[in-house]
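# Examining the three-dimensional arrangement
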Amino acid sequence: MLNNLFVYGTLCPGERNHYLLADVQGDWYPATLQAVRTDRGWGSAKGYPGIELSDNPDDIVHGWLLKAKDLTTTIPQLDEFEGAGYQRVIVEIRYQLSPIMQN
């Protein structure tokens, strides 16, 4: 079952496309991912940077972790929204132990 999602851009709380996750029941935690923002990829031409995982521990992307009861219906909707050039992968993140927001 899918129940965790890291977001770093317009899907974050308070950002333009957060409405896609606003009704999901769960808790939001500030989080980081060992990666770099990149201007390569399908969204960069529209001002939406992608990220690439990194081996360098100094490379950090800040975002949010959504810990939800169940994201199995939400994830396919997000994948469709992101488009064919988007690739979701399983990653290890670090996050604050207390949620900042709750839905």
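Residues numbered from 1 in each chain as written. Predicted model: local features only at pLDDT ≥ 70, side-chain atom pairs only at ≥ 80, totals over all residues. Heavy atoms only, no water.

Going by what an unreviewed UniProt entry lists, the chain is known as Gamma-glutamylcyclotransferase and is assigned to Salinivibrio proteolyticus.

Restricting attention to buried positions, one finds in helix α1 (residues 74-82) the residues Thr74, Ile75, Leu78 and Glu82. Buried positions in α1, seen along its axis, are confined to an arc of 95 degrees and lie on one side of it. Of the exposed residues in α1, those oriented more than 90 degrees away from the buried face are Gln77 and Glu80. Elements that come into contact with the buried residues of α1 comprise β1 (4-7). A positive backbone phi angle near 100 degrees is found at Gly83, which sits one or two residues after α1. (Buried < 20%, exposed > 50% of the residue type's maximum accessible area, 1.4 Å probe, protein only. Helix = DSSP H or I, 4+ residues; strand = E, 2+ residues; numbered from the N terminus. Arc of directions from axis to C-beta. Contact = heavy atoms within 4.5 Å.)

By size, the foremost hydrophobic cluster in this structure holds 13 residues, and its most contacted members are Leu5, Val7, Leu21, Val24, Trp28, Leu66 and Leu71. Sorting the residues of this core by element identifies β1, β4 (60-68) and α1 as the ones contributing at least two each. Apart from residues lying up to four places away in sequence, Leu71 is in contact with Leu2, Asn3, Asn4, Leu5, Val24, Leu66 and Pro76. One finds Tyr29, Leu33, Ala35 and Val61 within the second-largest nonpolar core, a separate group that totals eight residues. (Core = buried A, V, L, I, M, F, W, Y, C linked by side-chain atoms within 4.5 Å.)

A separate point is the packing of aromatic side chains. A ring pair, where both rings are aromatic, is described by two values, the distance of the centres and the angle of the planes. One pass over the full model with this rule turns up two aromatic pairs. Both rings, one in Trp28 and one in Trp64, keep their centres 6.5 Å apart while their planes meet at 80 degrees; by these two values the pair is edge-to-face. Of this pair, Trp28 sits in strand β2 (residues 26-38) while Trp64 sits in strand β4, and the two are 36 residues apart along the sequence. The pair formed by Trp28 and Trp64 is uniform in burial state, with each residue classed as buried. The interplanar angle of 70 degrees and the centroid separation of 5.3 Å between the aromatic rings of Tyr29 and Tyr95 together place this pair among those described as edge-to-face. Taken together, the positions of Tyr29 in strand β2 and Tyr95 in strand β5 (residues 93-95) put the pair 66 residues apart, joining distant regions of the chain. Residue class for Tyr29 comes out buried when judged on its relative accessible area of 9%. For Tyr95, a relative accessible area of 34% gives the class partly exposed. (Phe/Tyr/Trp six-rings, centres within 6.5 Å; stacked < 30°, edge-to-face > 60°.)

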